[in-house]
Amino acid sequence: MHPKDRLLVALDVDGRDEALALADCLRDVVGGFKVGMRLFYRQGPGIVSEIAERSPFVFLDLKLHDIPQTVGQAVRALVGLGAAMLNVHAGGGAAMLRAAAEAAAEEAGRIGRPRPLLVAVTVLTSLDDSSVRELGFETGARNLALRWAELAMHCGLDGVVASAWEASAIRVLTGPQFRIVSPGVRPAGEAAGDQRRVATPAAAVSAGADYLVIGRPITGAPDPVNAARRIVAEMGGLN
């Protein structure tokens, strides 16, 4: 994979025009875009299709987490929007993960679309060991992420969303074909913001991440295109 194709820009903005303008200016220098809760809930499902018209890779990041029936039906509703990757939360358990995987495959076949990649969120990058224990888990963030990654793999998912801090161990556990999507990535010298487990782009790729989700260091930059190019260069892909 070329370093450019690893970079997914998080379109964490409110407005349709702003999101589409960012997609238009960045489409040739990054691998794709992430549409998360903020933009999706402001603009509705149609924004996903509009971004997908501009980029072959859209990651729809809604972190579905509910009973198996509800999540399965939600996945069916989302498959037709044109996203290349969807996610659910590993904390929903094995039955929910299997329901999501089955729904994605069945609905894609029914409507004649490629099946989107389905990945499970493990431990949010805003959480650290003490935060995980506050939630009642008798383990740290790394061990919990590994447990959930193994569960996702056994339930037929394509990969996980996980911090670069866990990426290397997840790669050893799951093998080369399992996709690892790492948020909480900050270029060298950038502030961590509200993230606790962060890594630089080069460190994340070295640890085994396939895709890096980066938002504010690009979308908040005076020149988003140059900011994206610098990150690609930091991964080793000068262009």
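Residues numbered from 1 in each chain as written. Predicted model: local features only at pLDDT ≥ 70, side-chain atom pairs only at ≥ 80, totals over all residues. Heavy atoms only, no water.

(A) Summary view of helix H2 (residues 16-26). By the burial criterion, the buried members of H2 are Ala19, Leu20, Leu22, Ala23 and Leu26. All buried residues of H2 project into a common sector of 160 degrees when viewed along the axis, lining one side. Buried residues along H2 sit in contact with strand E1 (7-10), strand E2 (32-36), helix H3 (37-43), helix H4 (46-52), helix H11 (216-219) and helix H12 (224-234). (Buried < 20%, exposed > 50% of the residue type's maximum accessible area, 1.4 Å probe, protein only. Helix = DSSP H or I, 4+ residues; strand = E, 2+ residues; numbered from the N terminus. Arc of directions from axis to C-beta. Contact = heavy atoms within 4.5 Å.)

(B) Representation of the pairing of E1. Going residue by residue along E1, you find Leu7 and Val9 tucked away on one face and Leu8 and Ala10 tucked away on the opposite face as well. Pairing of E1 with strand E8 (residues 211-214) involves 3 bridges; the strand directions are parallel. Directly across from Leu7, in E8, lies its bridge partner Leu212. Bridging between E1 and E2 involves 3 bridges; their strand directions are parallel. Note on E2: the bridge partner recorded for Ala10 is Lys34. (Pairing = 2+ DSSP bridges.)

(C) Quick look at the side chain of Asp210. For Asp210, the position within the fold is in the loop between helix H10 (201-207) and E8. A polar contact is formed between the side chain of Asp210 and the backbone nitrogen of Ile180, at a distance of 2.8 Å. (Polar contact = N/O pair within 3.5 Å; in protein donor to acceptor, adjacent residues only side chain to side chain.)

(D) Focus on the sheet that holds strand E6 (residues 159-161). Strand order in the closed barrel formed by 8 strands is E1-E2-E3-E4-E5-E6-E7-E8, with parallel pairing between adjacent strands. In this sheet, neighbouring strand axes are inclined to one another by 25 degrees on average, regardless of whether the strands run parallel or antiparallel. Here strand E3 (residues 58-64) runs beside strand E4 (residues 85-89); their pairing, made up of 3 bridges, is parallel. Counted as the bridge partner of Leu64 is Val88 from E4. (Axes fitted to C-alpha atoms, helices over the stretch in contact; angles between N-to-C directions.)

(E) Seen up close, helix H9 (residues 164-174). For H9, every residue scored as buried is listed here: Ala164, Glu166, Ala167, Ala169, Ile170, Arg171 and Thr174. At the N-terminal boundary of H9, the capping side chain belongs to Ser163, with an oxygen 2.9 Å from the backbone nitrogen of Trp165. Gly175 sits one or two positions beyond H9 and adopts a positive phi of about 95 degrees.

(F) Representation of the pattern of salt bridges within the structure. The final tally for this structure, using the stated rule, is 15 salt bridges. Across the pair Asp5 and Lys4 runs a salt bridge whose closest N-O atoms are separated by 3.3 Å. Of the residues examined, Asp5 reaches a relative accessible area of 33% and is grouped as partly exposed. Judged by relative accessible area, Lys4 falls into the partly exposed class, the value being 21%. (Salt bridge = Lys/Arg side-chain N within 4 Å of Asp/Glu carboxyl O.)

(G) Expanded view of the nonpolar core. Leu60, Val75 and Val88 are the most contacted members of the largest nonpolar core, which totals 71 residues. With near-sequence residues (within four places) excluded, Val75 lies in contact with Leu64, Leu86, Val88, Ala100, Ala103 and Ala104. (Core = buried A, V, L, I, M, F, W, Y, C linked by side-chain atoms within 4.5 Å.)

(H) Region of the structure containing unusual backbone geometry. Backbone geometry places Lys63, a non-glycine residue, at a positive phi of 50 degrees. Relative to the helices and strands, Lys63 is located in strand E3. Overall, the relative accessible area of 25% leaves Lys63 in the partly exposed class.

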